[in-house]
Amino acid sequence: MESTKFSQSQKRQYQKDKDILPPMSESPFGAFPKNHGVKGRGEPQVTATAPRKKPGNAAASSKSPPPKRDVLLGHTGTGGMASSTFKGTKGAKTSLSNGRFGHPDGPGKAGAFSKQHIPPTEFRQHYERGDLPLSIQHAATRSLQWKVDIDKLDYHHYLPIFFDGLRELEEPYAYVAYQGSLDLLERGHTAVFKTVPQLIIPLKTALNTRHPTILVNVMKVIQKMVTECDYVGEALVPYYRQLLPVFNLFKNRTRNLGDRMDYAQHKGTDLTTVIDETLNALERYGGEDAFINIKYMVPTYESCM
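This report concerns the structure included in the present document. Every residue gets a number counted from 1 within its own chain, in the order that chain's sequence is written. Per-residue local features are limited, in this predicted model, to residues with pLDDT of at least 70; the limit for side-chain atom pairs, both in listing and counting, is 80 or more; totals at the level of whole chains, interfaces and linings are taken over all residues. Neither water nor hydrogens contribute to the side-chain values; these are computed over all heavy atoms in the structure.

## Focus on the overall build of the chain
Threshold: Only runs of H or I of at least four residues qualify as helices and only runs of E of at least two qualify as strands under DSSP, and these elements are numbered from the N terminus. Categorising residues by exposure relies on relative accessible area from a 1.4 Å probe, with only protein chains included: less than 20% of the type maximum marks a residue as buried, more than 50% marks it as exposed, and the intermediate range marks it as partly exposed. In these tables, accessible area is a Shrake-Rupley quantity obtained with a 1.4 Å probe, and a residue counts as shielded only by the protein chains included in the view.
Within the chain one finds 13 helices and four strands. Here the chain holds 305 residues, and 30% of them are scored as buried. Summing over all exposed atoms, the chain offers an accessible surface of approximately 21200 Å²; the carbon and sulfur share of this is 53%.

## Description of the packing of aromatic side chains
The criterion, for reference: The aromatic pairing rule takes the rings of Phe, Tyr and Trp, using the six-membered ring of Trp, and pairs them if the centres are within 6.5 Å, calling planes under 30 degrees apart stacked, those over 60 edge-to-face and the rest tilted.
Applying the stated criterion across every chain yields a total of six aromatic pairs. An angle of 20° between the planes, with centres 6.2 Å apart, marks the rings of Phe 123 and Tyr 127 as stacked. Taken as a pair, Phe 123 and Tyr 127 lie in helix H3 (residues 122-129) at a separation of four residues, close to a single helical turn. Taking relative accessible area as the criterion, Phe 123 reaches 0% and is therefore assigned buried. The exposure class assigned to Tyr 127 is partly exposed, which follows from its relative accessible area of 24%. Between Trp 146 and Phe 162 the ring centres are 5.8 Å apart and the planes differ by 45°, which places this aromatic pair in the tilted class. Of this pair, Trp 146 sits in strand S4 (residues 142-146) while Phe 162 is found in helix H4 (residues 155-164), placing the two residues 16 residues apart along the sequence. No difference in accessibility class separates Trp 146 from Phe 162, as the two residues are buried.

## Focus on the side chain of Thr 121
This is how the line gets drawn: Contacts described as polar in this section are N or O atom pairs within 3.5 Å, which, within protein, must combine one atom able to donate a hydrogen with one able to accept it, while residues neighboring in sequence count only if both atoms come from side chains.
On the secondary structure map, Thr 121 appears in the loop between strand S2 (101-102) and H3. For Thr 121, a relative accessible area of 3% puts it in the buried group. Of note is the side chain of Thr 121, whose polar atom sits 3.5 Å from the backbone nitrogen of Arg 124.

## Concerning the pairing of strand S3 (residues 134-138)
Heads up, the rule is: Any two strands with at least two DSSP bridges between them are considered paired.
Where S3 and S4 come together, five bridges link them in antiparallel fashion. Within S4, the position partnered with Gln 137 by the bridge is Ser 143. Linking two consecutive strands that pair antiparallel, namely S3 and S4, is a turn of three residues.

## Digging into the environment of Ile 136
Relative to the helices and strands, Ile 136 resides in strand S3. Along the chain, Ile 136 and Tyr 175 lie 39 residues apart, while their C-alpha atoms are 9.5 Å from each other.

## Observations regarding the packing of helix H12 (residues 271-285) against helix H13 (residues 290-297)
Geometry of a packed helix pair, given as the angle between the helix axes and the separation of the axes. Quick reminder of the rule: Think of each axis as a best-fit line through the C-alpha atoms, taken over the contacting stretch in the case of a helix, with angles from 0 to 180 degrees between the N-to-C directions. Pairs of residues are marked as contacts when any of their non-hydrogen atoms sit within 4.5 Å.
Two numbers describe how H12 lies on H13: the axes approach to 8 Å, and their chain directions differ by 145°. Of the residues in H13, those touching H12 at Leu 279, Leu 282 and Glu 283 are Ala 290, Phe 291 and Ile 294.

## Some words on the side chain of Arg 167
Of note, Arg 167 is situated in the loop between H4 and helix H5 (173-188). Within the structure, Arg 167 has its side chain in polar contact with the side chain of Asp 164 (distance 2.8 Å). In contact with Arg 167, other than residues within four places in its own chain, are Ile 118, Pro 119, Pro 120, Thr 121, Thr 205, Ala 206, Thr 209 and Ile 214.

## Let's talk about the environment of Tyr 240
By the secondary structure assignment, Tyr 240 is in helix H10 (residues 240-250). Note on Tyr 240: relative accessible area 2%, which makes it buried. Ignoring anything within four residues of it in the chain, the contact list for Tyr 240 reads Gly 233, Pro 245, Leu 282, Ala 290, Asn 293, Ile 294 and Met 297.

## With respect to the environment of Asp 149
Along the chain, Asp 149 falls in the loop between S4 and H4. One polar contact links Asp 149 to Arg 187, side chain to side chain, over a distance of 3.4 Å.

## Looking at H13
The line we're drawing: Think of it as the arc spanned by the lines of direction from the helix axis to the C-beta atoms.
Within the sequence span of H13, burial applies to Ala 290, Ile 294 and Met 297. For H13, the arc enclosing every buried residue in end-on projection is 65°, short of the 170-degree limit, so these residues lie on one face. H13 presents Ile 292 and Tyr 296 as exposed residues on the side facing more than 90 degrees away from its buried surface. In this structure, the buried side of H13 is in contact with H10 and H12.

## A few points about the pattern of salt bridges
Put simply, the rule reads: Whenever a carboxyl oxygen of Asp or Glu lies within 4 Å of a side-chain nitrogen of Lys or Arg, that contact is scored as a salt bridge.
What the rule picks out here adds up to 10 salt bridges. The closest approach of N and O atoms between Asp 131 and Arg 129, which form a salt bridge, is 3.0 Å. On the accessibility criterion, Asp 131 (33% relative accessible area) is partly exposed. Taking relative accessible area as the criterion, Arg 129 reaches 57% and is therefore assigned exposed. The closest approach of N and O atoms between Arg 167 and Asp 164, which form a salt bridge, is 2.8 Å. Using a relative accessible area of 12% as the deciding quantity, one classes Asp 164 as buried. Each of Arg 124, Glu 168 and Glu 170 takes part in salt bridges that share partners, so that together they form one network.

This is the structure in structure tokens:
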């Protein structure tokens, strides 16, 4: 009786495991290969046995191959190991040691400092149509001749147009936009303060080109805005998050020329020097909240006060 009860309880346990346990639950990695299952789980274990020899056919049975066993050998694949020496073909995506796919030569350059594409500007259209009341004078020094009094111009209309042309590199558009912006800022005074919200997008677009020549011109224009126009320094503080990321990117990017002479500082075209001068001007004329906001966007900046 005991043997019968034991066999029935064993059958009930087997049926319970079969109904409750999920499929392929022999191990965390799935089912075992054939003939290597766990006793008491799933189907009964089947062991490979040699075929029974028949009398008179001993030679044929001795040459028969052994039964095949589906067994995985260690260190034969490309996954599941902490490191791999697998080398894929050049130019193709291969499985890396961290389980991801990537180029065997590594990722390419991010291009954070590379020059970006410069889209066409509205300033060029206005200049070619003759909408701007000025002309270029080629005398001993090149200058702009305004056909109307600058004080009577509508700064809400003209100043954003000239600021949009600061990302021009082709002449004469680059010179007219840069020199025209300086002339308007020099005579604008309080009129510039009212147009500050309209100037942020052209300035940000010009800075995002990441072209050294354009960056130098834009930063000199910002210096002119802060020093010549009333209350503009304080008005720019809320817009530091739009303007200063490019400052932080190029602030410490100095060139290593070895034993050669660098005349960019003497000419006023050294980018890192111009960035430091612009940040100092923003701190001096930006009020008491200027430094903490500059420090938030440019962590390597030190106060000049």
